[in-house]
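Residues per chain are reported as follows:
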Amino acid sequence: MKRLPIFLVIGLLVLIPIVGWAERAEVPIGMAIEFTDHAACAYISQDKGWFEEEGLKLTAYESYVTGMALAAALARGDIQVAYICLVPAINAYANAGVPIKIVAGTHKDGYALVVNPGKVKAIKDLEKPDIRIGCVQVGAATDVLLRKTIDKYGLNQDKLLNKIKRMNPPKQVLAIKMKQLDAAFLPEQWATMAEEFGFKMLLTSQDIWPEMQGSVLVVKEELINRHPEMVRKLVKVTQRATEWSNQHPHEAAKVMARQLQVAGGKIFPAEAAEVAAKLEITPEVLLRSMSRMKYTIDIDPKVIQETVDYMAGIGYIRNRFNTEDILDLRFLK
């Protein structure tokens, strides 16, 4: 048997670790998240360096004031991962054709109808012509909750929808502070913040839509196909942060207050940052807000299908589809 030249042997020994390194090389990931404690797992992971610890290199880490704005960002090529409310995720998939998969949940519940108790004492009071109601744009999660409320309590759809003042959550809370609204459909942490200005929660999402899936972790199909190990790491980090948050609620609230302050000052669009700066998001408010949600990465496909069917039924998505088309839960195992 012929011996290999010594320089060839040395070359092979050098090449092997290089190949191994290349296989483990960091894959650049662009991430988008909502500016709420719905995405607590993402903010906590960022704060504690857990993404980096798993070898996840974030080339973009952007916060958005609404889920609909985040859904639009998903169409960009540099965003592969998003922590986003389920409803806008379905919108992005069904209406914009963004090739995404839901790989984990982040929380259940987390939305509410808050009211001025001096003017709104019962659900039917919302129909009164002088009651000013705030909600986000059509097609967002709290807007779908508004439609559910109309259905469940037999409210006059035309009376309500024709007078809704459409604005993002921080602007709604600022309007509440300035006594320009009498009721508002809000996501957390904004719903809890409204209590600081004398509003009370008349209904929560648990009352309107029990076991409502709040936010989810979505990834582009391309990332799953090319780098499934990266997706597995994302789910692992999400679970780690979720468990830590549940075990250390007071510390989690402090982390969230710090992270949201940074996001509001540096990542937020200028106009939204100006509004948010007028509203203090304290650890105490966040602790109360976060206690109103069930943080879990578990997903119930039946709830996802129920959401898809409801959105199709009210015309928010063009076609009804099966949950298997948007779910990929193999990474939860």
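Residues numbered from 1 in each chain as written. Predicted model: local features only at pLDDT ≥ 70, side-chain atom pairs only at ≥ 80, totals over all residues. Heavy atoms only, no water.

Student: Is there a simple way to think about the packing of aromatic side chains in this case?
Tutor: Here the distance between the centres and the angle between the planes together describe a pair of aromatic rings. Under the criterion given, the structure shown has four aromatic pairs. Ring geometry for F35 against W190: centres 6.1 Å apart, planes inclined by 35°, an arrangement best described as tilted. A residue pair is termed long-range when its members are at least 10 positions apart, and F35 in the loop between β1 (28–34) and α2 (40–48) and W190 in helix α9 (residues 190–195) qualify at 155 residues. Given a relative accessible area of 0%, W190 falls into the buried group. Look at W209 and Y310: their rings are 5.9 Å apart centre to centre, the planes differ by 65°, and that puts the pair in the edge-to-face class. Of this pair, W209 sits in the loop between α10 (205–208) and β11 (215–220) while Y310 sits in helix α16 (residues 301–313), and the two are 101 residues apart along the sequence. Using a relative accessible area of 13% as the deciding quantity, one classes Y310 as buried. Sitting over the ring of W209, K148 keeps its end group 4.4 Å from the ring centre. One residue, K148, lies across the ring of Y310, its end atom 4.8 Å from the ring centre. (Phe/Tyr/Trp six-rings, centres within 6.5 Å; stacked < 30°, edge-to-face > 60°. Helix = DSSP H or I, 4+ residues; strand = E, 2+ residues; numbered from the N terminus. Buried < 20%, exposed > 50% of the residue type's maximum accessible area, 1.4 Å probe, protein only. Lys NZ or Arg CZ within 6 Å of the ring centre and 35° of its normal.)

Student: Even after reading the chapter, I still don't get the sheet that holds strand β3 (residues 81–85), so can you show me in this structure?
Tutor: Neighbouring strands of a sheet are bound in pairs by backbone hydrogen bonds; such pairs are parallel or else antiparallel. In spatial order, the strands read β2-β1-β3-β11-β4; together these five strands make up an open sheet with mixed pairing. With one partner strand each, in any of the chains shown, β2 (57–64) and β4 (100–105) form the two edges of the open sheet. The sheet shows a mean angle of 25° between the axes of neighbouring strands, taken without regard to direction. Here β1 pairs with β2 via seven bridges, running parallel. Bridging across to β2, I29 finds its partner in L58. In the packing of helix α12 (residues 228–247) onto the sheet, the strands contacted are β1, β3, β4 and β11, and the crossing angle to β11 comes to about 165°. (Pairing = 2+ DSSP bridges. Axes fitted to C-alpha atoms, helices over the stretch in contact; angles between N-to-C directions. Contact = heavy atoms within 4.5 Å.)

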